[in-house]
Amino acid sequence: SDSMLCANDIEKFFDLSQPTISHHLKILREAKLVKTQQQGTWVYFSLYAPMVTTAYELIKSLAE
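Predicted model only: the values in this text are computed from it and were never measured. (Residues numbered from 1 in each chain as written. Predicted model: local features only at pLDDT ≥ 70, side-chain atom pairs only at ≥ 80, totals over all residues. Heavy atoms only, no water.)

Would you explain the layout of surface pockets in this entry?
Here the idea is plain: a probe the size of a water molecule rolls over the atoms and shows the empty space left. Each pocket or cavity is described by its volume, and for the largest pocket that value is around 230 Å³. If you go around the largest pocket, you meet 13 residues; those closest to its centre are Ile10, Phe14, Leu25, Leu28 and Val34. Within the residue set of the lining of the largest pocket, elements represented by two or more residues are helix H2 (18–30) and strand S3 (42–47). The biggest single contributor to the lining of the largest pocket is H2, with 4 residues. Here the residues of the lining of the largest pocket sort into 10 nonpolar, 3 polar and no charged. (1 Å grid on protein atoms, 1.4 Å probe; cavity = no way out; pocket = protein on both sides within 12 Å on 5 of 7 lines; lining within 4 Å. Points joined across faces, edges and corners; volume = space filled by probe spheres on them. Helix = DSSP H or I, 4+ residues; strand = E, 2+ residues; numbered from the N terminus. Nonpolar A, V, L, I, M, F, W, Y, C, P; charged D, E, K, R; others polar.)

The structure is reproduced here in structure tokens:
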């Protein structure tokens, strides 16, 4: 099962405002690097593993 965090949980890891966190999460979601799941009024975020793996492999190949 994927590890899911709500924006409030993610916010605790960064010294950024909630609107800034939400903006970045929107960009990551549009890039298909994170996926969302609605549970009641809460939206939970998790990594979209296939795209993250692809991005990692691309970056790794560029660094070689």
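Back to the write-up after that little detour.
What should I look at first to understand the pairing of S3 in this one?
Working note: regular strand, side chains alternate between the two faces of the sheet. Judged from the 2 bridges that link them, strand S1 (residues 5–6) and S3 form a sheet pairing that is antiparallel. Across the sheet, cysteine 6 pairs through a bridge with tyrosine 44, a residue of S3. As defined by bridge partners, strand S2 (residues 34–39) adjoins S3 across 6 bridges and the pair is classed as antiparallel. Counterpart to threonine 36 in the pairing with S3 is phenylalanine 45. (Pairing = 2+ DSSP bridges.)

When you look at the environment of serine 17 in this model, what are you seeing that I'm missing?
Mapped onto the secondary structure, serine 17 falls in the loop between helix H1 (7–11) and H2. For serine 17, a relative accessible area of 37% corresponds to the partly exposed category. There is a polar contact of 2.9 Å between the side chain of serine 17 and the side chain of threonine 20. (Buried < 20%, exposed > 50% of the residue type's maximum accessible area, 1.4 Å probe, protein only. Polar contact = N/O pair within 3.5 Å; in protein donor to acceptor, adjacent residues only side chain to side chain.)

Can you help me understand the confidence of the model for the chain in this one?
As a note on interpretation, predicted positions should not be read in detail where pLDDT is low. Here the chain averages 89 in pLDDT, while 97% of its residues score no lower than 70. Mean pLDDT values over the elements of the chain span from 88, in helix H3 (residues 49–63), up to 93, in H2. (pLDDT = per-residue confidence, 0-100.)

I keep staring at the nonpolar core and nothing clicks. Help me out?
As a rule of thumb, soluble globular proteins bury nonpolar side chains together. Ranked by size, the top nonpolar core spans 6 residues in total: Ala7, Ile10, Ile21, Leu25, Val34 and Phe45. Every element with two or more residues in this core is listed here: H1 and H2. Apart from residues lying up to four places away in sequence, isoleucine 21 is in contact with Ala7, Ile10, Glu11, Phe14 and Leu16. (Core = buried A, V, L, I, M, F, W, Y, C linked by side-chain atoms within 4.5 Å. Contact = heavy atoms within 4.5 Å.)

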